[in-house]
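Working through the structure, step by step
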Amino acid sequence: MNSLDLKALVLLVVRLIVAATFIMAALPKIQDPISFTASVQGFQLVGSTMSKWTALILPWFELVIGIGLLVPAIRRLSGTFIAALLLVFIGLHASAWARGLEISCGCFGTEAGTTTDYRLLILRNLILCAATIWVVRRDCVREISFSSLAR
Amino acid sequence: MPALLKELCLIIALTAAGVAYSLISGQAPAPWTVAELDAGEIRFEDATTIDLIWVDARPESAYGEAHIEGAISLNEDNWDDALFNLMGLWLETPRPIVVYCASESCGTSKRIAERLRADLADAEIYSLFGGWQP
């Protein structure tokens with residue numbers, strides 16, 4: 001196996017991991033939006049109505065961009081949204097940590113009774129964010145190479 | 001650029017289709033509908049129309065930063081002293097007591113209201129629906 005094949009294989013594995021994480025995070029929240037609303041409210045940043053809208057839209061958005069990372073037609077923008085969303089999550093967790101909130105993050109649904117280890121959560125999201133940025137950059141490079149070849 | 005716009009439209013359309021499915025199938029309650037109250041809960045709008053005693057069940061640090069005017073701090077850490085104050089206030093003029101915490105998910109207000117019902121059996125005690133945020 002040459003280095004080019006290996007790089008492509010690693011890229012595929014990373015892409016699958018990030019996509020699977022987002023899909024797995026979205027499904028329980030789609031099934032139980034009421035519990036997710038409570039998790040959103042736990043962050044004490046938005047009011048009751050706004051948290052209901054967030055709990056309704058965010059899981060579907062996560063699912064679409066999670067699957068989208070695997071679909072060539074929308075994978076660049078899906079990857080960009082995933083990276084942006086992960087940065088928002090990092091900011092939210094840092095804010096909750098700074099305010100001393102003991103809440104369940106609601107990342108993968110209800111996670112009843114569990115409180116968040118913010119350090120672990122922020123580290124996980126940073127790694128996922130870095131991986132996503134790498135995947136998006138590789139996609140853009142490949143896109144540019146294909147465009148110049150086509151000319 | 002048009003390619004990115006096409007991607008954006010596709011992502012928005014798929015997300016909107018998912019949201020519509022959740023709403024139509026009844027899996028998710030519509031955000032614009034008013035949620036039903038559980039037993040022993042009261043809405044802020046209703047609570048402000050009556051003369052009552054506000055009880056802040058959040059940590060004392062949060063109470064120190066901001067609280068509903070006239071509220072007394074009562075939580076699991078200062079239970080004995082604060083309960084004594086509350087009893088004094090209630091005996092002076094018996095009126096409903098409304099306990100609040102920071103949000104619908106905090107659960108403290110319901111726990112405190114439950115404990116108060118045991119200690120002040122004659123009082124009318126509610127927990128505030130949706131919590132209170134400064």
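Refer to the structure presented above.
As a starting point, this report considers the structure included with it. All values reported here derive from a predicted model rather than from experimental measurement.

Moving on to the packing of helix α3 (residues 48-68) of chain A against helix α1 (residues 2-24) of chain B. Helix packing for two helices is described by the angle between their axes and how far apart those axes are. Running from amino to carboxyl end, α3 of chain A crosses α1 of chain B at an angle of 130°, the nearest separation of the two axes being 9 Å. Considered as vectors, α3 of chain A and α1 of chain B are oriented oblique to each other. Our pair here, α3 of chain A against α1 of chain B, has a crossing hand that is right-handed. Residues Leu 56, Ile 57, Trp 60, Phe 61, Val 64 and Ile 65 of chain A of α3 of chain A lie in contact with α1 of chain B, whose contacting residues are Ile 11, Leu 14, Thr 15, Gly 18, Val 19, Tyr 21, Ser 22 and Leu 23 of chain B. Looking at the contact of α3 of chain A with α1 of chain B residue by residue, the class counts come to 11 nonpolar, 3 polar and no charged.

On to the pattern of salt bridges. Enumeration over the complete set of coordinates arrives at 9 salt bridges over all chains. The partner of Glu 41 of chain B in a salt bridge is Lys 110 of chain B, and the shortest N-O contact between them spans 3.2 Å. Within this pair, whereas Glu 41 of chain B is found in strand β1 (residues 41-42), its partner Lys 110 of chain B is found in helix α5 (residues 108-119), the two being separated by 69 residues in sequence. Using a relative accessible area of 11% as the deciding quantity, one classes Glu 41 of chain B as buried. Assessed through its relative accessible area of 38%, Lys 110 of chain B is described here as partly exposed. Connected through shared salt-bridge partners, Arg 15, Arg 75 and Asp 139 of chain A make up one network.

As a further point, take the pairing of strand β5 (residues 125-128) of chain B. Residue and element names in this part refer to chain B. Across 2 bridges, β1 lies against β5 in parallel orientation. Across the sheet, residue Glu 41 finds its bridge partner in β5, namely Ser 127. Strand direction decides the pairing type here: strand β4 (residues 97-100) and β5, joined by 3 bridges, are parallel. Paired with Ile 97 across the bridge in β5 is Ile 125.

Basis of the calculations
- Residues numbered from 1 in each chain as written.
- Chains lettered and ligands numbered in written order.
- Predicted model: local features only at pLDDT ≥ 70, side-chain atom pairs only at ≥ 80, totals over all residues.
- Heavy atoms only, no water.
- Axes fitted to C-alpha atoms, helices over the stretch in contact; angles between N-to-C directions.
- Helix = DSSP H or I, 4+ residues; strand = E, 2+ residues; numbered from the N terminus.
- Parallel < 35°, antiparallel > 145°, perpendicular 65-115°, else oblique.
- Left-handed = near helix turned anticlockwise from the far one by under 90°.
- Contact = heavy atoms within 4.5 Å.
- Nonpolar A, V, L, I, M, F, W, Y, C, P; charged D, E, K, R; others polar.
- Salt bridge = Lys/Arg side-chain N within 4 Å of Asp/Glu carboxyl O.
- Buried < 20%, exposed > 50% of the residue type's maximum accessible area, 1.4 Å probe, protein only.
- Pairing = 2+ DSSP bridges.

Purely geometric numbers; function is a separate question.
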